[in-house]
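# Observations on the three-dimensional arrangement
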Amino acid sequence: MTESALLSDDWPEFPPLDLTVRDLALSRGEVRLCEALELDLSSGDAVFLVGANGAGKTTLLRAIAGFVRPDAGEIDCGGHAEDTVSWLGHSDGLKPNETLRQALRFWCRQSGQSSKAIMPVLKMLEIGHLIDRPAGRLSRGQQRRAGMARVALANRPIWLLDEPAGPLDGDGRACLARLVAWHRGRGGMVVAATHQTLDWPSAKTLELGR
Amino acid sequence: MSALVSLFSREARLAWAGGGGAAGPTAFFLACITLGPLAIGPEDATLRAIAPGLMAIAALLSVLQAAERLFTEDVADGTLELYALIPASLPLIALVKVLGQAAATLWALPLIGTLGAMMYGLDPAQALITGLALLVAIPALSLIAGFAGALSAGVKRGGLLISLIAIPLMVPVLVFAAGAGRAALDGEMDRAVATLLLTCAVSLGTMALTPFGIAAAMRARLG
């Protein structure tokens, strides 16, 4: 399965979009995590958020998604977060008794994506044979891949990924890199918090410090 | 619109498959109404007199018993974040979610309530009013329980918090739902129907207001 197989009518290119973060200040409880943070991304970009545990990588992702209100500064993701953002958090958002087919059909319906698009994405992540298995009976790595499939099927330009490669093996990381490359190729952008070195071409790095 | 329909059916399906569907609340309801006569005594007149009230209390407790699961799992497995990013308003999502779960888990209560009221000695018309009162009270009861469940999601001993928050708010529904059956028992059908309509009104009011509270609790949980 190659990237070109996904470039069908279900996957038109995204209109040009910018994600800008200006003079951002974030805190968790009483602890100030960052100040005067700036970030500029446009279509096709990817950025790694790196930093020690507790540096605020997840909080920054949550602020971009609109879950956390920043102390100061502005975040512009080109419209409402509901229309532009696709989210992968610490957990994959799967229900143990639901099969991947049921879950992904539901998420396709929520995002207006055709459910015909499910199988190619699963094949690209090499979990096509697991489509009728309940999520509770998948391994951690397989669940992560299923979470990535949901992110792709949401069909939104901005992907916010929190440790996307955490439980993935070498093969899974290669699948993830292919999926990200395909997404950037159609004009999407990716913000990923990670501790691992991921091989994504021309990705920027933003270091968050205490 | 079709997105909300699919949310409703997903929530109903998850409640059905994951939580044993209607089994939990139904068993609880049955236990209440079968243990009642054993504790209170077998006199026909007494049982007839307490039937509408006992059915309403049993329904209230069954709804509460299922409330803790409603949002705790969504917080733990990351579904809450994903629901917040669905392009529909969060109060609407909360309303559809709670009613979807209620439809899957509580549908049996009005039926058993009607049959139970007949076994307590009410005639069919009176029993039907009692069952209908449960049916129209259930949306209000489950939304109030959902509000308490959303506020206490992920909190240790959330069950205690749910009882403390939900029970005072459920008092008007309980009074009207039991009142409809009691009026029917007194032979005052006009007053019974009026009380039934008042129960409807409370339910509709709850459907209009609590989703905003549930959505605010969900947002607070995200932040």
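One structure accompanies this document, and this report is about it. No experiment lies behind these values; they were computed from the predicted model shown. (Residues numbered from 1 in each chain as written. Chains lettered and ligands numbered in written order. Predicted model: local features only at pLDDT ≥ 70, side-chain atom pairs only at ≥ 80, totals over all residues.)

## A closer look at the interface of chain B and chain A
Counting from both sides, the interface comprises 18 residues of chain B and, opposite them, 21 residues of chain A. Counting residues per element, the side of chain B that touches chain A draws most heavily on helix H1 (residues 2-18) of chain B, which supplies seven residues. When grouped by side-chain class, the residues that make up the side of chain B that touches chain A number nine nonpolar, six polar and three charged. (Contact = placed C-beta atoms within 7 Å. Helix = DSSP H or I, 4+ residues; strand = E, 2+ residues; numbered from the N terminus. Nonpolar A, V, L, I, M, F, W, Y, C, P; charged D, E, K, R; others polar.)

## Some remarks on the sheet that holds strand E3 (residues 46-50) of chain A
All names here are of chain A. Taken in spatial order, the five strands of this open sheet run E5-E6-E7-E3-E8, and their pairing is parallel. Strands with a single pairing partner mark the edges of an open sheet, and in this sheet they are strand E5 (85-88) and strand E8 (204-207). On average, adjacent strands in this sheet sit at an angle of 15° to one another, irrespective of strand direction. Two elements, E3 and strand E7 (residues 189-193), share four bridges in a ladder whose sense is parallel. The residue of E7 that forms the bridge with Phe48 is Ala192. Sheet strands in contact with helix H6 (residues 170-185) are E3, strand E6 (158-162) and E7, and its direction is about 145° off that of E7. (Pairing = 2+ DSSP bridges. Axes fitted to C-alpha atoms, helices over the stretch in contact; angles between N-to-C directions.)

## Considering the nonpolar core
Core analysis: the biggest nonpolar cluster contains 135 residues, and Leu153(A), Leu160(A), Ala59(B), Leu134(B), Ala137(B), Leu141(B) and Ala177(B) have the highest contact counts within it. Once residues lying within four places of it in the same chain are set aside, the contact partners of Leu141(B) are Ala59(B), Leu60(B), Val63(B), Met170(B) and Val173(B). (Core = buried A, V, L, I, M, F, W, Y, C linked by C-beta atoms within 7 Å. Buried ≥ 20, exposed ≤ 12 C-beta atoms within 10 Å, placed from the backbone.)

## Topic: unusual backbone geometry
You will see that Ala36(A), though not glycine, has its phi angle at about 50°, which is positive. Its location among the elements puts Ala36(A) in strand E2 (residues 31-42). On the basis of neighbour count, Ala36(A) is assigned to the exposed category, with 10 C-beta atoms found within 10 Å. Positive phi, normally seen in glycine, also occurs at Arg157(B), with a value near 55°.

## What about the packing of helix H2 (residues 23-40) of chain B against helix H3 (residues 44-65) of chain B?
Residue and element names in this part refer to chain B. In the contact formed by H2 and H3, the axes pass within 9 Å of each other and the chain directions differ by 150°. When the axis of H2 is compared with that of H3, the two are roughly antiparallel. Between H2 and H3 lies a crossing of right-handed hand. Between H2, through Gly24, Pro25, Phe28, Phe29, Cys32, Ile33, Gly36, Pro37 and Ile40, and H3, the contact on the second element is made entirely by Thr46, Leu47, Ile50, Leu54, Met55, Ala58, Ala59, Leu61, Ser62, Val63 and Gln65. Among the residues making up the contact of H2 with H3, the classes are represented as 15 nonpolar, five polar and no charged. (Parallel < 35°, antiparallel > 145°, perpendicular 65-115°, else oblique. Left-handed = near helix turned anticlockwise from the far one by under 90°.)

## Some points on the pairing of E5(A)
All names here are of chain A. Of the two faces of E5, the one holding Val85 and Trp87 and the one holding Ser86 and Leu88 are both buried throughout. Note that E5 and E6 share four bridges and pair parallel. The residue bridging Leu88 from the neighbouring strand is Leu161, located in E6.

## With respect to the packing of H3(B) against helix H9 (residues 158-185) of chain B
Residue and element names in this part refer to chain B. At a closest axis distance of 9 Å, the pairing of H3 and H9 adopts a crossing angle of 150°. Comparing their axes, H9 and H3 come out roughly antiparallel. Handedness of the crossing formed by H3 with H9: right-handed. Contacts from Arg48, Ala51, Pro52, Gly53, Met55, Ala56, Leu60 and Leu64 in H3 reach Ile162, Ser163, Ala166, Met170, Leu174, Ala177, Ala178, Gly181, Arg182 and Leu185 in H9. Across the contact of H3 with H9, the residue classes tally to 13 nonpolar, three polar and two charged.

The values reported here are purely geometric and, on their own, carry no functional implication.
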